[in-house]
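The residues making up each chain are set out below.
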Amino acid sequence: MRALVISGGGSKGAFAGGVAQFLIENQGRQYDMLLGTSTGSLLVSHLALKNIPKIYKIFTNVRQNDIFSVSPFVQRKRGNREYVSIDFMNSLWQFIKMKRTFGESKALKRNIRKQFTRAEFEELRALGKDVVVTVSNLSKNRVEYKSIKECSYEEFCEWIWISCNYIPFMSLAKVNGYEYADGGLGCVVPIREAIKRGATEVDAIVLESETMEQQKVLGKNPFSLMISLFGHLLDQVERNDIVIGKLAAKNKDVKLNLFYTPTRLTENSLIFSKRLMVKWWQEGFDYAKEKYAKSPSNELKE
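One structure accompanies this document, and this report is about it. None of these values were measured; they are calculated from a predicted model. (Residues numbered from 1 in each chain as written. Predicted model: local features only at pLDDT ≥ 70, side-chain atom pairs only at ≥ 80, totals over all residues. Heavy atoms only, no water.)

## Focus on the packing of aromatic side chains
- Counted according to the given criterion, the structure contains 13 aromatic pairs.
- Relative to phenylalanine 102, the ring of phenylalanine 95 lies with its centre 5.9 Å away and its plane at 75 degrees, an arrangement referred to as edge-to-face.
- Phenylalanine 95 gets classed as exposed once you look at its relative accessible area, which sits at 54%.
- A relative accessible area of 15% places phenylalanine 102 in the buried class.
- Look at phenylalanine 116 and phenylalanine 121: their rings are 6.5 Å apart centre to centre, the planes differ by 75 degrees, and that puts the pair in the edge-to-face class. Taken as a pair, phenylalanine 116 and phenylalanine 121 share a single burial class, namely buried. (Phe/Tyr/Trp six-rings, centres within 6.5 Å; stacked < 30°, edge-to-face > 60°. Buried < 20%, exposed > 50% of the residue type's maximum accessible area, 1.4 Å probe, protein only.)

What follows is the structure, given as structure tokens:
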């Protein structure tokens, strides 16, 4: 049983789309199971249907207002560099309304249901593939995995949305009395879960460079420093997930193929730029193609 795993990474999901396109279209990979966290959860349903042109169009045209109904950020450009700064008015308004997050992501929730239709959900269920998204149950302090096989259409769209909710910058969701948020707060790369579900070969796309040794630029105010701090913590979770995944693969004799970004793509994955995301998608495709060409006997290795 072959599985595709895609990590969290915000706008960097465009790179994962390029890698997956090469594996599915050029190498004919057939996946029985697809697991995603955060941005990965947005990709896996469309990839399971092999609807790559549609997900390419979605990912390379996404804008801030497609994600945020109340954005805590203002996107700015200085020369060729794109960055975000704080939207003080929106953040202040959230405090006045006694909200617990700096922003709201209800626009993303609407877009998920618009882009992933009920007909596509039923088609995917009929194919029998296991599509799984990762969420963090903050009330119970644990990670949960939600399979398309166990959900209605409305429930599955809700879990995809929740998997992407990077708090405290996006919405905090409540389901059955429990509070949920981004799956990456507990598991960024769900390799071990794929193996637990019976995968015998796993292609895992990690939206970070392998060494992670680049010097980071820390924020110049408490808000941007918080973004840097969260990024640091998620990097540590990601490293842990990969180490645990490698050990699980070794113990179960599972073939594990890891695809990292060759360089650090961005300091802030909450920047959604068409120019950058088109570029990253192509870089992902080219990276996978080069990695495959260099492998002995044209087999991908860990």
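Additional details are given in the paragraphs that follow.
## Thoughts on the pattern of salt bridges
- This model, assessed by the stated rule, comprises 16 salt bridges.
- Linking aspartate 66 and arginine 63 is a salt bridge whose minimum nitrogen-to-oxygen distance equals 3.7 Å.
- Classification of aspartate 66 by relative accessible area gives buried; the value is 18%.
- Between arginine 118 and glutamate 154 there is a salt bridge whose closest N-O contact spans 2.3 Å. (Salt bridge = Lys/Arg side-chain N within 4 Å of Asp/Glu carboxyl O.)

## Some details on unusual backbone geometry
- Of note, the bond from isoleucine 167 into proline 168 is cis; its omega dihedral lies within 30 degrees of zero at 10 degrees.
- Within the fold, proline 168 resides in the loop between α8 (153-163) and β7 (173-175).
- Even without being glycine, lysine 50 reaches a positive phi, approximately 60 degrees.
- Structurally, lysine 50 is set in the loop between α2 (39-48) and α3 (52-61).
- The residue asparagine 141 is not glycine, and still its phi comes out positive at about 55 degrees.
- Tracing the backbone shows asparagine 141 in the loop between β5 (130-137) and β6 (142-147). (Helix = DSSP H or I, 4+ residues; strand = E, 2+ residues; numbered from the N terminus.)

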